[in-house]
Amino acid sequence: MITGSLLRDAFISAGITIANKKRQVDELNVYPVPDGDTGTNMSMTIGNAVGELKRMNDSVTVAEVSSSAASALLRGARGNSGVILSLLFRGFAKGLAGLTSAGCSDFANALEYGVDAAYKAVMKPVEGTILTVAKAASVKAQEIALSTNDDVVFWKEICDEAERVLNQTPEMLPVLKKAGVVDAGGMGFLVIIKAMTEVFDGKPVASPAETVTPEDTSYESFKTAVSEFDEEINFTYCTEFIIEKNPDCPDPLKLRAYLETIGDCVVVVDDEKIIKVHVHTDSPGLALQKALEFGYFINDPKPKVENMRIQHENKVKEAQTAEEAGFVPAEPEKEFGFVAVAAGHGLEAMFTDLGVDVVVKGGQTMNPATEDILRAIHATPARTVFVLPNNKNIIMAAEQAVKLTDRNVCVLQTRTIPQGISAMLAFDETASLSDNRIAMTKAFEKVSTGLITFAARDSEYEGHSIKEGEILALDNGKLSFTEKDINKATYKLVKKLAKGDTSYVTLIHGADVTEENAESMQQLLSAKLSDKIEVMLVNGGQPVYYYIISVE
């Protein structure tokens, strides 16, 4: 039998392990568009429970552990993979309710509850994903529970079956087969149950991985190491740069030793060609001058020197502004209210102008947690709250928030920013909830959305051989073509989306497009498109997408 303290340790170890391996899971993603990657979302979801579990003493029951974990995962669920993981853990809580300790049959039932809940939550379940792997594990658990009472044997058999089915996922999804990878969500699930099994087998709880090793000079690892430092500011300037080594480059440890004499929070990472440096110092010029003894600065990215004291003051002001903006519970004062998810100063202002009460910062690459959406719902002073996720990877998290609130909540299935805007324009304050839901849904379903972004990774996707950094054109969520030039891609995509009955094209330009370039694109489209089509320009300020295109 597995005790509560052992299950607690298993969950903690699973959370730490998936955090250690999140990049390996992320790299299995075949979708080239930058998004909230699977490993990261699963890691952040289960990570929401680790701190709470660590505070539990050894006298806890399996019911208390599973209930606490399930609640934390639900609130911290990010992205579709994170929501599915939270539902699997909710099954644990249901199957282990009231138990002090648990055996094989209890866990078999818990897995079954979780898989049932996950399948019901997905509108159109796709086989070859985390759902398939979890279902196989559940079926095997029921089978093994009939033949053994040995917890370790039971869990190892489950892991073996999950791994066997995971390896078959490329045969179930052609896109995986073409890319030569297994499903990322399924791999994340396997990592988690393997980590739990090791603890059941007597192995210690996993330890967080080293933030940086000499062999790992990736930008992500470098930033992870930097982020580990505390908030105390002893020196003024955060200084970061990369230098390419001279042929006779001295030992980089000498550079590190020098930097530690003029500052703190020093990170020096090197490989055969480059040295990456981070230091907090009052003398950034000395740091840069010393670095020239080891090599020369590269231009991408350029050396960066930032005043941390000013940054800290700005963060405090932003936090105060966020609190003042209404992310605190509000009593219902009106019949209808609105929550929308968006990123970018222009888009946030646009939704506010359209009547949205609370804008949750998020979107592509920044999937907000269920709890973020829940807080926004509670901060909306209305008896009925419409939620506009505006991203397909946020819809499930929004739907989970409905179960945690006493407000009447309607989640509209908006998958893009233009759909969210169209839905808001269709709202009629004199109509009923039912009539508004129908009218708003009909309105956003008529909108065609184009997206111009960049490839986050090399990929073979939907018949396209894509290289990292290429410009991607998406037609209503599907990859349409690739280009080398942003303006060419934008023009081609608008021409493709515009139909004979098109009246409006709205061009929403992002943070990485200058006002001048955006205005030139508007003028080009106005000249080339039909006289019957009005081309409007909006400064959305959004990250990731150079242009968001709405065609109506």
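Remember, it's a predicted structure, so these values are computed and weren't measured experimentally.

Calculation rules
Residues numbered from 1 in each chain as written. Predicted model: local features only at pLDDT ≥ 70, side-chain atom pairs only at ≥ 80, totals over all residues. Heavy atoms only, no water. Helix = DSSP H or I, 4+ residues; strand = E, 2+ residues; numbered from the N terminus. Expected span 1.5 Å × (residues − 1). Buried < 20%, exposed > 50% of the residue type's maximum accessible area, 1.4 Å probe, protein only. Arc of directions from axis to C-beta. Contact = heavy atoms within 4.5 Å. Polar contact = N/O pair within 3.5 Å; in protein donor to acceptor, adjacent residues only side chain to side chain. Pairing = 2+ DSSP bridges. Axes fitted to C-alpha atoms, helices over the stretch in contact; angles between N-to-C directions. Phe/Tyr/Trp six-rings, centres within 6.5 Å; stacked < 30°, edge-to-face > 60°. Lys NZ or Arg CZ within 6 Å of the ring centre and 35° of its normal. pLDDT = per-residue confidence, 0-100.

**With respect to helix H21 (residues 486-497)**
Thought 1: Here H21 is 12 residues long and its end C-alpha atoms lie 16 Å apart, about the 16 Å a rise of 1.5 Å per residue gives.
Thought 2: Within H21, the full set of buried residues consists of Ala-489, Thr-490, Leu-493, Val-494 and Leu-497. Down the axis of H21, the buried set is contained in an arc of 125°. They therefore lie on one face.
Thought 3: Where the residues of H21 are buried, they touch strand S10 (448-454), strand S13 (471-475), strand S14 (478-483), strand S15 (504-509), helix H22 (515-528) and strand S17 (547-551).
Thought 4: The opening residue of H21, the one whose side-chain oxygen lies 3.0 Å from the backbone nitrogen of Asn-487, is Asp-485.

**Quick look at the sheet that holds strand S6 (residues 334-342)**
Thought 1: Sheet architecture is open: four strands sit in the order S7-S6-S8-S9, paired in parallel fashion. The open sheet is flanked by strand S7 (358-361) and strand S9 (408-411), the only strands paired with a single partner. Across the sheet, the mean angle from the axis of one strand to that of its neighbour is 20°, orientation sign disregarded.

**Notes on the pairing of strand S3 (residues 274-281)**
Thought 1: With eight of eight residues buried, S3 is to be regarded as a mostly interior element.
Thought 2: On S3, burial covers both faces: Ile-274, Lys-276, His-278 and His-280 on one face and Ile-275, Val-277, Val-279 and Thr-281 on the other are all buried.
Thought 3: Inspection of the sheet shows strand S1 (residues 237-245) paired to S3 by eight bridges, in the antiparallel sense. Bridging from a neighbouring strand, Phe-241 pairs with Val-277 of S3.
Thought 4: Pairing of strand S2 (residues 263-270) with S3 involves six bridges; the strand directions are antiparallel.

**Regarding the packing of aromatic side chains**
Thought 1: Across all of its chains, the model carries 16 aromatic pairs by this definition.
Thought 2: Ring centres of Phe-336 and Phe-427 lie 5.6 Å apart, and the angle between their planes is 75°; on these two criteria the pair is classed as edge-to-face. You can see Phe-336 sitting in strand S6 and its partner Phe-427 sitting in the loop between helix H19 (417-425) and helix H20 (433-445), a full 91 residues away along the chain.
Thought 3: Here Phe-336 falls in the buried class, since its relative accessible area comes to 12%.
Thought 4: Classification of Phe-427 as partly exposed rests on a relative accessible area of 22%.
Thought 5: Measuring from centroid to centroid gives 5.5 Å for Phe-338 and Phe-386, while their planes differ by 15°, and the two rings are stacked. Pair noted here: Phe-338 is in strand S6 and Phe-386 is in strand S8 (residues 382-388), with a separation of 48 residues, a long-range link. For the pair shown, Phe-338 and Phe-386 are each scored as buried.
Thought 6: Among the aromatic residues, those joined into a cluster by ring pairs are Phe-11, Phe-89, Phe-92, Phe-107, Phe-154, Trp-155 and Phe-200.
Thought 7: For Lys-290, the ring lying beneath its charged end belongs to Tyr-258, and the centroid distance is 5.1 Å.
Thought 8: Sitting above the plane of the Phe-481 ring, Lys-492 keeps its charged end 4.2 Å from the centroid.

**Things to note about the confidence of the model for the protein**
Thought 1: With 90% of its residues at a pLDDT of at least 70, the protein reaches an overall mean of 86.
Thought 2: Below a pLDDT of 50 lies the segment residues 211-220, which in the model reaches 21 contacts outside its immediate sequence neighbourhood of four places, other chains included.
Thought 3: Under a pLDDT of 50 for its full length, residues 321-326 has, in the predicted model, three contacts with residues more than four places off or in other chains.

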